[in-house]
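Remarks on the overall topology
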Amino acid sequence: MKFKSLVLGLGLAAATAFGATAETWKLAVTDVEGMERLQLEWGPFKTALEDATGDTFEFFPVNSRTAAAEALRGETVDFVVSGPAEYVVINKLTNATPLIGLGRPDYHCTIVVRADSGLNVPTDLKGKKVAFGDIGSTSNMLCPMQLLADYGVDPVNDIEKTHTSRNIAFEALKNGDIDALGMNAGTFVGVRNGQDELPYGFFKMIARSGDLPNDMIMVGAHVPQDAAMKVRDAILDNKAQIIAGITAHEENDKYVGMDLVAIEDSAYDYVRSMYANAGYPQFDNFIGE
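What counts, and where the lines are drawn
- Residues numbered from 1 in each chain as written.
- Predicted model: local features only at pLDDT ≥ 70, side-chain atom pairs only at ≥ 80, totals over all residues.
- Heavy atoms only, no water.
- Helix = DSSP H or I, 4+ residues; strand = E, 2+ residues; numbered from the N terminus.
- Contact = heavy atoms within 4.5 Å.
- Areas by Shrake-Rupley, 256 points an atom, 1.4 Å probe, with all protein chains shown as cover.
- Phe/Tyr/Trp six-rings, centres within 6.5 Å; stacked < 30°, edge-to-face > 60°.
- Buried < 20%, exposed > 50% of the residue type's maximum accessible area, 1.4 Å probe, protein only.
- Lys NZ or Arg CZ within 6 Å of the ring centre and 35° of its normal.
- Arc of directions from axis to C-beta.
- Axes fitted to C-alpha atoms, helices over the stretch in contact; angles between N-to-C directions.
- Parallel < 35°, antiparallel > 145°, perpendicular 65-115°, else oblique.
- Left-handed = near helix turned anticlockwise from the far one by under 90°.
- Nonpolar A, V, L, I, M, F, W, Y, C, P; charged D, E, K, R; others polar.
- Pairing = 2+ DSSP bridges.
- Core = buried A, V, L, I, M, F, W, Y, C linked by side-chain atoms within 4.5 Å.

To continue, consider the overall build of the protein. Looking only at helices and strands, the protein has 10 helices and 11 strands in total. Along the first, second and third principal axes, the C-alpha set of the protein runs to 90 × 40 × 30 Å. Across the protein, every contact between residues at least 6 apart in sequence was considered, and the portion connecting residues at least 24 apart equals 78%. About 13,600 Å² of surface is accessible on the protein, with carbon and sulfur atoms providing 50% of the total.

The full count for this structure, using the stated rule, is 10 aromatic pairs. On the basis of an interplanar angle of 45° and a centroid distance of 6.3 Å, the ring pair of Phe170 and Phe188 is categorised as tilted. Linking Phe170 in helix α6 (residues 166-175) with Phe188 in helix α7 (residues 185-193), this pair joins segments that are 18 residues apart in sequence. Taken individually, Phe170 and Phe188 each receive the classification buried, so the pair is uniform in this respect. The structure contains a cluster of three or more aromatic residues connected by ring pairs, namely Phe170, Phe188, Phe202 and Phe203. Above the face of the Phe59 ring, Lys46 is positioned so that its terminal group lies 5.9 Å from the ring centre. Over the aromatic face of Tyr255 sits the side chain of Arg104, whose NZ or CZ is 5.8 Å from the ring centroid.

For helix α10 (residues 269-277), the complete set of buried residues consists of Val271, Arg272, Met274 and Tyr275. Here the buried residues of α10 occupy an arc of 150° about the axis, which is enough to place them on one side. Those residues of α10 that are buried lie in contact with α4 (84-94) and α5 (138-150). Phi for Gly279, located one or two positions after α10, is positive at around 95°.

Quick look at unusual backbone geometry now. Despite not being glycine, Asn95 shows a phi value in the positive range, around 65°. Within the element layout of this structure, Asn95 appears in the loop between α4 and β4 (97-103). If you check the backbone angles, Phe283 has positive phi at about 35° while not being a glycine. If you trace the backbone, Phe283 turns up in the segment after α10.

As a further point, take the packing of helix α2 (residues 35-53) against helix α9 (residues 239-246). In contact at an axis separation of 6 Å, α2 and α9 are set at 160° when each is read in the N-to-C sense. The orientation of α2 relative to α9 falls into the category roughly antiparallel. α9 is crossed by α2, and the crossing has left-handed handedness. In contact with Trp42, Pro44, Phe45, Ala48, Leu49 and Ala52 of α2, α9 contributes Gln241, Ile242, Gly245 and Ile246. Its residues assigned to classes, the contact of α2 with α9 shows eight nonpolar, two polar and no charged.

Let us now look at the sheet that holds strand β9 (residues 203-208). Strand order in this open sheet of five strands is β7-β6-β8-β5-β9, and the pairing throughout is mixed. Strands at the two margins of the open sheet, each flanked by one partner only, are β7 (160-163) and β9. Sheet twist, expressed as the mean angle between neighbouring strand axes with direction ignored, is 30°. With five bridges connecting them, strand β5 (residues 109-114) and β9 associate as antiparallel partners. Residue Thr110 lies in a different strand from β9, and its bridge partner there is Arg208. Against the sheet, α5 makes contact with β5, β6 (129-132), β7, β8 (180-184) and β9, and its axis sits at roughly 80° relative to β5, the strand it touches most.

Let us look at the pairing of β8. The side chains of a regular strand alternate, first on one face of the sheet and then on the other. Burial analysis of β8 places five of its five residues in the buried class, the great majority of the element. Both β5 and β8 contribute to a ladder of four bridges, which runs antiparallel. The residue bridging Thr110 from the neighbouring strand is Met183, located in β8. Here three bridges tie β6 to β8, and the two strands are oriented parallel to one another. Counted as the bridge partner of Val130 is Ala180 from β8.

The next thing to look at is α6. A turn of α-helix holds 3.6 residues, and therefore any two residues three or four places apart point the same way. Looking at α6, one finds that the buried residues are Ala169, Phe170, Ala172, Leu173 and Lys174. Those residues of α6 that are buried are in contact with β5, β6, β8, α7 and β9.

In this section: the nonpolar core. By size, the foremost hydrophobic cluster in this structure holds 45 residues, and its most contacted members are Ile111, Leu125, Leu142, Met218 and Tyr275. Those elements giving two or more residues to this core turn out to be α3 (65-73), α4, β5, β6, α5, β9, β10 (215-219) and α10. Met218 has contacts with Leu72, Asp78, Phe79, Val80, Ser82, Tyr87, Ile90, Ala96, Thr97, Pro98 and Leu99, leaving out every residue within four places of it along the chain. Leu27, Ala48, Ile243 and Met258 belong to the second largest nonpolar core, which has 30 residues in total.

Structure follows, in structure tokens:
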């Protein structure tokens, strides 16, 4: 009897150990090109992730958002760190879903004009020149366009829009070459605060969005649900260590003060509305790529 119990106990222990075998996953970050940058900027996060989950994560470099989508569709990458605008397209193309939201503080957009412009509300911009940032950017293009639409201004037909770099657009606004600038609100404050020759009151915000949906860690549709939930729960149970890993490198300073939250696909419906109002109602390809 004792011998049988011992054998049964050993068998159960072996089965438990086998069930707890660590997994090896592939991990990509959409806006970081090359293995060297991945290791430098996201290496501490990978280490924290491995410590939290007991699994192994191997970096999978991608040189574009399209490459990330293709890797998910081909099941050669399992988890991807990405932004809201990228997620909406990747979800449409691959059925990947959000796993963990990277809750960035003060992540919203704004419409900025010169204080002496006589422009006071978004509807004053009809027929005016408005600059936006990088094509496809959530906070520098899609959000400001949606913000205009929220106030009854068609960002495709009611304004004369242009896309340019942040610094060029800021100089154009200073010089009166454009009437307004749509951009990430935190970025605007940083650029404004770096001006030596102009008072802060030289500019004014005439509209601000609410906080935008989070950046996220998404999981491929091919990853078993129980395995994905195991990773999610391990991240949430070890928030402090994971956050410290993400914010270890200065390139990720935008995440300083962040929180990690469980997130659902419906949180990104507002981003889908952004695509539609920007003139891309199918959101099945990456704008500008």
